[in-house]
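Structural characterization, general
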Amino acid sequence: LLEWQEQAQNISTLINGLSDSQGSGNMQIRNEVIQLELDDCILEAELPWYGEKLLFWRPAVPKGKDDVRLWIYHLITQVYLESVKDFRMLTTHGIFRGKRDSNILLEFFSVESPRQHLKTLLQYWKTGLQQSILINASLGQEYYSGKTPASMTEQEFLNLWYDNYNRSGLNSDPWQI
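Below or above, wherever it landed, is the structure these notes cover. (Residues numbered from 1 in each chain as written. Predicted model: local features only at pLDDT ≥ 70, side-chain atom pairs only at ≥ 80, totals over all residues. Heavy atoms only, no water.)

Another aspect to go through is a nonpolar patch on the surface. A cluster of nonpolar side chains, namely Val68, Ile72 and Leu121, defines an oily patch on the protein surface of about 190 Å² accessible area. With respect to the element layout, Leu121 can be found in helix H3 (residues 114–128). (Patch = residues over 30% accessible without salt bridge, like charges linked within 9 Å, V, L, I, M, F, W, Y side chains within 5 Å. Areas by Shrake-Rupley, 256 points an atom, 1.4 Å probe, with all protein chains shown as cover. Salt bridge = Lys/Arg side-chain N within 4 Å of Asp/Glu carboxyl O. Helix = DSSP H or I, 4+ residues; strand = E, 2+ residues; numbered from the N terminus.)

Structural data, given as structure tokens:
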């Protein structure tokens, strides 16, 4: 319990450091619910504004799902801001617990053509409702870290494929078998 409290305190200190770097003193999270229509889909999101930035956090080591969640919220927000003619530079922060008493800060910045990026994700999602497709955030995280099956040792691949005590292996996903 004491370790969890310390981890939460470390994340809180990092968040307060973000507000100090903006010269704003201690800021509060302001939630804003938005709706966006895109390709016959209505997307709704609750945006956690921290000053002029989006801020997400989870006191755990980031997983692929965290990367994807941040990216989708970032794209939805950027498309929404453009639709209401607010062309500010958008930054999205994700704060997570790292290994050995460290913290991890993930950042996304404004991108060109966010609407097209979001449409591409929606198309994959729609296709996945009708057929099985390989969209796995954990596998993507491994791939973009430079670990491809060809570059892994046999033991590294087996560690990724099979379950262990703190994560599900890729073989546990029925869509991939």
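Moving on to the pattern of salt bridges. Within this structure, the stated rule accounts for five salt bridges. Between Arg30 and Glu32 there is a salt bridge, with the nearest N and O atoms lying 3.9 Å from each other. Note on Arg30: relative accessible area 45%, which makes it partly exposed. Among the ionic pairs, Asp86 bridges to Arg88, the shortest N-O distance being 2.8 Å. Its relative accessible area of 23% is what places Asp86 among the partly exposed residues. (Buried < 20%, exposed > 50% of the residue type's maximum accessible area, 1.4 Å probe, protein only.)

Within the element layout of this structure, Lys53 appears in strand E3 (residues 53–58). Among the polar contacts listed, one links the side chain of Lys53 to the side chain of His93, at a separation of 3.3 Å. (Polar contact = N/O pair within 3.5 Å; in protein donor to acceptor, adjacent residues only side chain to side chain.)

Time to look at unusual backbone geometry. With the exception of glycine, the majority of residues adopt a negative phi angle, and the majority of peptide bonds are in the trans configuration. At Asp39, a residue that is not glycine, the phi angle is positive and equals roughly 50°. Even without being a glycine, Ser113 presents a positive backbone phi close to 55°. Locating Ser113 in the fold gives a position in the loop between strand E5 (103–109) and H3. Judged by its relative accessible area of 46%, Ser113 falls in the partly exposed class.

One way to put it is that helix H2 (residues 64–83) packs onto H3 with a least axis distance of 9 Å and a crossing angle of 135°. Put simply, H2 runs oblique to H3. Taken as a pair, H2 and H3 cross one another with a handedness that is left-handed. Of H3, the residues touching H2 (which contributes Trp71, Ile72, Leu75, Ile76, Gln78, Val79 and Glu82) are Pro114, Arg115, His117, Leu118 and Leu121. (Axes fitted to C-alpha atoms, helices over the stretch in contact; angles between N-to-C directions. Parallel < 35°, antiparallel > 145°, perpendicular 65-115°, else oblique. Left-handed = near helix turned anticlockwise from the far one by under 90°. Contact = heavy atoms within 4.5 Å.)

For H2, with 20 residues, the first-to-last C-alpha span of 29 Å sits near the 28 Å given by 1.5 Å per residue. Buried residues of H2: Gly64, Asp66, Leu70, His74, Leu75, Ile76, Thr77, Gln78, Val79, Tyr80 and Leu81, and no others. (Expected span 1.5 Å × (residues − 1).)

Let us look at the environment of Val111. With respect to the helices and strands, Val111 occurs in the loop between E5 and H3. Counting along the chain gives 37 residues from Val111 to His74, while the straight-line C-alpha distance between them is 9.5 Å. Those residues in contact with Val111 that lie beyond four places of it in its chain are Trp71, Leu75, Gln78 and His117.

This brings us to the environment of Gln78. Position of Gln78 among the secondary structure elements: in helix H2. Judged by relative accessible area, which is 7%, Gln78 ranks as buried. Expressed as a C-alpha distance, the spacing of Gln78 and Met89, which sit 11 residues apart in the sequence, is 8.7 Å. Setting aside chain neighbours within four positions, we find Gln78 in contact with Leu90, Ser110, Val111 and Pro114.

Right, let's talk about the sheet that holds strand E4 (residues 91–97) for a bit. Strands sit in the order E1-E2-E3-E4-E5 across an open sheet of five strands; the sheet is mixed. Edge positions in the sheet fall to strand E1 (29–38) and E5, since each of these pairs with one other strand and no more. Averaged over all pairs of adjacent strands, the angle between their axes in this sheet comes to 35°, without regard to strand direction. Sheet topology places E4 next to E5; seven bridges connect them, and they run antiparallel. Residue pairing across strands places Phe96 opposite Ile104, the latter belonging to E5. Sheet strands in contact with H2 are E1, strand E2 (41–50), E3, E4 and E5, and its direction is about 100° off that of E2. Contacting E1 and E2, H3 runs over the sheet at an angle of about 70° to E1. (Pairing = 2+ DSSP bridges.)

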